[in-house]
Amino acid sequence: MSLHGRKAVQLLQDLKRARWLPPFNDKVVKEVAEEINNDSKEMERLAEQDSDEQLEPELLVALYLYDDIMERNKRCLLAYLNARLDVIEQLRWEVGRMVPEEKLQKLHEAEKQYLTNYNNSLDKYMKRYVPNCKHPLDLTANSEAPEDTNIQVRMLRDDPQLDGIVSNDSGLLRLRGGCQMMVKRSDVEHLLRSGKVQQVKTCRGDVVGGGF
Amino acid sequence: MPCADYWDIDEILAEEQDVVIKTFHDVAGGGFLYPCTGAAKPRDLKEGAKVVVPYWLAQKLVRRNAVELDLPVIFDEATQETLQTDPAVCRLGEKSRYYFEVGLKLAYLTKNFKLQEILVNAYIQRYHDLMTLSSGMGEANRSSIRKAVPSPSNAKSQFLSSLTALEEDMHRGAREAEDQYQRWTGSFSCWQLEPSHIAEVPAFKRARAGA
């Protein structure tokens, strides 16, 4: 069969192959939309040919054929757009608001707008989940209760943006590449999520008496 | 009816499988389905023409009684027999990434209950073999494939390289589960002092201790 209906599948194959998301393929999306339009015009033309009420079987099957191809293209496009939006929504839950630049570059303008709107809706909900609530409920925080208030972390790479963060409780934190320190969990949670620091697992044998 | 999820990308990709159909009537404007290229393509599709189309198109046309469907080569009698006798040997991943999904859809559409049964049993058998090979919950792997074939690593790698997309997902999940389990058991251990290899108990002392 000719390329009719195959272009849209390329989009989905790219989506499956990419580790996170492929860059938004504007060109192919437009081509598929044009294919749908052309098929629709072809269908109108075929239907005009026969002015009788009873359609010939050849014409009927031809109309079925074009309709099926149009539906298929529409389904592929919609699935592509929907899958991308699902992944984009996950960004907020995984890395919070600090989205790495290389990820943002893969998004279409409309998708970036979607992400902003989604963030705003979520923030609005977290502030007003109950009438007259005093503190916003952070739904994106870790849902497991932590064992200790302080954890040992190691900074993986030197990052000029992060050199010297001021936290509410502990004052100034100097984070350098390769540096290992004991910090409050709440300060570094967002850094742990975005992969900039790594939690160091302490061996329970460190505790005198084996922890008993 | 195999579950039809409009949004599932794997299902959309599975339906791309090519099948052969034969038309019952002429199709006006259907000439683009002919495989020949160039200007010689006729505008209309003739009655009784056999063309290759993707499964999604064939499915819709068959449901409307406009065409007749033939099973593709990857589901022929010989393969069905091999699936019944020894499913692990079949290199299904090479035939199609979505072998079971497409097979079940085709079997349902053509009302071929024998194919349905063969596919389901083969899938379950391969699942058993896959799970035995990939996870042992820390114990040594015991596998029927390894016992049967003299060179175990060869059989294992051959089987693992011929998986369909669904089986690959399961295999990855099993490995991840095994990793998580090892990590969990590892969190209970603490640093142990190894006994020194210099301090050997002499033979006569051991005998006296045992006696």
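Residues numbered from 1 in each chain as written. Chains lettered and ligands numbered in written order. Predicted model: local features only at pLDDT ≥ 70, side-chain atom pairs only at ≥ 80, totals over all residues. Heavy atoms only, no water.

An unreviewed UniProt entry lists chain B under the name DNA replication complex GINS protein PSF3 N-terminal domain-containing protein, with Durusdinium trenchii given as the organism.

In the annotation of an unreviewed UniProt entry, chain A is listed under the name GINS subunit domain-containing protein and assigned to Durusdinium trenchii. The annotation that UniProt attaches to chain A under Subcellular location (unreviewed entry) is "Nucleus". (UniProt positions renumbered as here; feature names shortened; annotations may be inferred.)

Draft legend 1. Structural view of the overall build of chain B. When its secondary structure is counted, chain B shows ten helices and three strands. Mapped in sequence order, the helices and strands of chain B form the string α-β-β-α-β-α-α-α-α-α-α-α-α. Among the 211 residues that make up chain B, the fraction classed as buried is 36%. When contacts within chain B are restricted to residue pairs at least 6 apart in sequence, those whose partners lie at least 24 apart make up 65%. Within the structure as shown, chain B displays about 12800 Å² of accessible surface, and the carbon and sulfur contribution to it stands at 56%. (Helix = DSSP H or I, 4+ residues; strand = E, 2+ residues; numbered from the N terminus. Buried < 20%, exposed > 50% of the residue type's maximum accessible area, 1.4 Å probe, protein only. Contact = heavy atoms within 4.5 Å. Areas by Shrake-Rupley, 256 points an atom, 1.4 Å probe, with all protein chains shown as cover.)

Draft legend 2. Structural view of the side chain of D39 of chain A. Residue and element names in this part refer to chain A. With respect to the helices, strands and loops of the structure, D39 is situated in helix α2 (residues 26-49). No salt bridge is formed by the buried D39; its nearest oppositely charged neighbour, R45, is found at 10.0 Å. The residues touching D39, leaving out its near neighbours within four places in the chain, are H4, Y66, I69, M70 and N73. (Lys, Arg positive; Asp, Glu negative; His and termini not counted. Salt bridge = Lys/Arg side-chain N within 4 Å of Asp/Glu carboxyl O.)

Draft legend 3. Looking closely at the sheet that holds strand β3 (residues 67-70) of chain B. Residue and element names in this part refer to chain B. Spatial ordering of the open sheet is given by β2-β1-β3, a layout of three strands whose pairing is antiparallel. Each edge of the sheet is formed by a strand with only one pairing partner; in this case those strands are β2 (50-54) and β3. For this sheet, the mean inter-axis angle between neighbouring strands, taken without regard to orientation, is 40°. Pairing of strand β1 (residues 18-23) with β2, which is carried by five bridges, proceeds in the antiparallel orientation. Paired with K22 across the two strands is K50, which belongs to β2. (Pairing = 2+ DSSP bridges. Axes fitted to C-alpha atoms, helices over the stretch in contact; angles between N-to-C directions.)

Draft legend 4. Just the interface of chain B and chain A, in detail. Contact with chain B, which involves 35 residues of that partner, is made by 37 residues of chain A. Of the roughly 3100 Å² buried at the junction of chain B and chain A (both faces included), carbon and sulfur atoms supply 65%. Of all residues in chain B, the largest losses of buried area upon contact with chain A belong to Y6, F32 and W56 of chain B, amounting jointly to 19% of the total for that side. For the pair chain B and chain A, the interface holds seven salt bridges. In this structure, R6 of chain A and E16 of chain B form a salt bridge, with 3.2 Å as the shortest nitrogen-oxygen distance. (Buried area = accessible area lost by both parts, 1.4 Å probe.)

Draft legend 5. Focus on the nonpolar core. Ranked by size, the top nonpolar core spans 73 residues in total, and within it L12 of chain A together with I21 of chain B carry the most contacts. Examining the composition of this core, we find that 16 residues originate from one element, helix α3 (residues 57-95) of chain A, more than from any other. Among residues more than four places away in sequence, those in contact with L12 of chain A are C76, A79 and Y80 of chain A together with I9, I12 and L13 of chain B. With nine residues, the next largest nonpolar core counts V153, L173, L175 and V197 of chain A among its residues. (Core = buried A, V, L, I, M, F, W, Y, C linked by side-chain atoms within 4.5 Å.)

Draft legend 6. The arrangement of the confidence of the model for chain B in detail. Residues and elements named next belong to chain B. In the predicted model, chain B carries a mean pLDDT of 78, and the fraction of residues at 70 or more is 76%. For chain B, per-element mean pLDDT is lowest for helix α7 (residues 144-148), which scores 43, and highest for helix α5 (residues 99-109), which scores 91. Note on residues 140-151: pLDDT is under 50 here. Beyond four places in sequence and across chains, it has 17 contacts. The complex model carries a pTM of 0.77, and its ipTM stands at 0.74. (pLDDT = per-residue confidence, 0-100.)

Draft legend 7. Focus on the domain arrangement of chain B. Residue and element names in this part refer to chain B. Domain boundaries in chain B define domain 1 (18-71) and domain 2 (73-144 + 155-185). Facing the seven residues of domain 1 at the interface are nine residues of domain 2. The tally of links between domain 1 and domain 2 comes to zero salt bridges. Our enumeration of links across domain 1 and domain 2 arrives at one residue pair in polar contact (both at pLDDT 80 or more). It is helix α2 (residues 55-63) that provides the largest number of residues to the side of domain 1 that touches domain 2, a total of four residues. (Domains from an automatic or database assignment. Polar contact = N/O pair within 3.5 Å; in protein donor to acceptor, adjacent residues only side chain to side chain.)

Draft legend 8. Representation of the domain arrangement of chain A in the model. All names here are of chain A. Domain parsing of chain A yields domain 1 (6-126) and domain 2 (150-202). Each partner contributes to the interface: domain 1 provides four residues, whereas domain 2 provides five residues. A combined buried area of about 300 Å² lies between domain 1 and domain 2, and 61% of that area is made up of carbon and sulfur atoms. The interface formed by domain 1 and domain 2 holds zero salt bridges in total. On inspection of domain 1 and its partner domain 2, the count reaches zero residue pairs in polar contact (both at pLDDT 80 or more).

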